[in-house]
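Report on the structure
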Amino acid sequence: TLFRTGLVLGTKSSDKLNAGEVIVGDGGMVLQLERRGYVKAGHWTPEAAVQNPEAVRQLHREFLRAGADVLQTFTFYCSDDKLELSGNVTNITGAQINEAACDLAREVADEGNALVAGCVSQTPCYLSNRNETEVKSLFKKQMDEFLKKDIDFFIAEFFRYAEEAAWAVQVLKTSGKTVGATLCISPHGDMNGLPPGECAVHLVKAGADIVGVNCHLDPTACIQTVKLMKEGLDKAGLKGHLMIQPLGCQTPECNLTGYISLPEYPFALECRTLTRWDVHKYAREAYDAGIRYIGGCCGFEAYHIRAISEELRAERGFLPPASEKHGLWGAGLELHTKPWVRARAQREYWENLLPASGRPKCPSMATPADE
Ligand SMILES: N[C@@H](CCSCCCCC(=O)O)C(=O)O
Ligand SMILES: [Zn+2]
């Protein structure tokens, strides 16, 4: 099987989606880089793009090698108001971070013909005064910094309010580029109580070409929310490609505000991490639901992205380079020295395994804090 990375050069996100093909997204960055010692939890701001470019470059490379067709710029929470709120103790400007992050994503994307998505996210300004002009000026400042660089399309991600996301979409669409928008919402809807279907309609009417969800909740909840978004678009007679980048953890007990309400957030989520086999199931369910941009958010490591690529190998027609070191469904175990491990070199074993947590004194679920 041909091991290939990314898209055929020049194939843009909308062309690929319009052709009904799959886009594999990348994984989580701020939480992964926090665990690697390059991002400060709480702030979650991306100064590492300037301070530790080698760390950001390496994480981009891991996702590319795992089959990601898109590398998102490491510009999460990089609006000027967020950087100021986080104390911006490094005196590195938002412009410096945004531009360095674009260069890093482009450098690595070109190593495998992937696309670069310039990313903006929710702002403290919206929460403090909901002033449309002020909030839009923050998104325009970031967009102008991205447009100095070689960006293929934009993603407005991690919005709890469809209204703010739509403002971001309206600003980003002035670039003439494809714009995706993902909300961090549950099947109950956004934080204004707008149901997912109406959120999707609002975003497409604002100009979004791709709509969906990212983060906050596990694949099961996120697929449910995107299905509701699709129903809303169909009912309104609107077209929009569907995108999903869920949390890389199981959160069956979570409600509106997702994992942030869990007592384990953010430093004790490890027990909830998806296995690569959970990701096979997620990727297939997402594909069967008509979603064609399938990636991950916080908690998604490269081996999770590889699992998406492997599950959708037939649909994409190739495997990623990282599959050279894997073997589908554990086939690589055939060479293990122990016979009982060799016996696990098969899909049926891993697909049916109910993995123990190893913590007999711990509960299987928690009680989320109410927002
Ligand atoms: N594209 C981004 C998305 C981050 S999603 C949320 C991260 C933390 C949220 C918080 O606690 O405020 C990334 O991969 O880091
Ligand atoms: Zn996330």
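First, a word on what this report is: a plain description of the structure on this page. Not measured: the values here are computed from a predicted model.

Here's the deal with the site of ligand 1
Inspection of the region around ligand 1 gives 16 residues, with Met 29, Val 30, Tyr 77, Glu 157 and Tyr 265 positioned closest. One of the side-chain nitrogen or oxygen atoms of Glu 157 is found 2.8 Å away from a nitrogen atom of ligand 1. Bound to the protein, ligand 1 loses 92% of the 440 Å² it would expose on its own. The cavity where ligand 1 resides is the second largest pocket.

Re the coordination of the zinc ion (ligand 2)
Looking at the zinc ion (ligand 2), one finds its protein donor set to be Cys 215 (SG), Cys 297 (SG) and Cys 298 (SG), positioned 2.2 to 2.3 Å from the metal centre. Geometry at the zinc ion (ligand 2) is tetrahedral, judged from the 4 donor atoms that bind it and their angles of 100 to 124° at the metal. Counting residues between consecutive donors of the zinc ion (ligand 2) along the chain gives the motif C-x81-C-C. In this pair, Cys 215 sits in the loop between strand 6 (210-214) and helix 11 (219-236) while Cys 298 sits in the loop between strand 8 (293-294) and helix 13 (302-311), placing the two residues 83 residues apart along the sequence. Look at Cys 298 and you get buried, because its relative accessible area is 6%.

Details of empty space enclosed by the protein
Tallied over the full model, the rule gives 1 cavity of 30 Å³ or more. When its volume is computed, the largest cavity comes out at roughly 40 Å³. Looking at the lining of the largest cavity, the elements that each hand over two or more residues are helix 6 (94-109) and helix 8 (132-147). Sort the elements by how many residues they give to the lining of the largest cavity and helix 8 lands first, with 4 residues. A breakdown of the residues in the lining of the largest cavity according to their chemical character gives 2 nonpolar, 4 polar and 3 charged.

What counts, and where the lines are drawn
- Residues numbered from 1 in each chain as written.
- Chains lettered and ligands numbered in written order.
- Predicted model: local features only at pLDDT ≥ 70, side-chain atom pairs only at ≥ 80, totals over all residues.
- Heavy atoms only, no water.
- Near = heavy atom within 4 Å.
- Polar contact = N/O pair within 3.5 Å; in protein donor to acceptor, adjacent residues only side chain to side chain.
- Areas by Shrake-Rupley, 256 points an atom, 1.4 Å probe, with all protein chains shown as cover.
- 1 Å grid on protein atoms, 1.4 Å probe; cavity = no way out; pocket = protein on both sides within 12 Å on 5 of 7 lines; lining within 4 Å.
- Sits in = over half its atoms within 2 Å of the grid points.
- Donors = N, O, S within 2.8 Å, 3.2 Å for Na, K, Ca; no water.
- Tetrahedral: all angles 85-135°; square planar, octahedral: opposite > 155°, others 65-115°.
- Helix = DSSP H or I, 4+ residues; strand = E, 2+ residues; numbered from the N terminus.
- Buried < 20%, exposed > 50% of the residue type's maximum accessible area, 1.4 Å probe, protein only.
- Points joined across faces, edges and corners; volume = space filled by probe spheres on them.
- Nonpolar A, V, L, I, M, F, W, Y, C, P; charged D, E, K, R; others polar.

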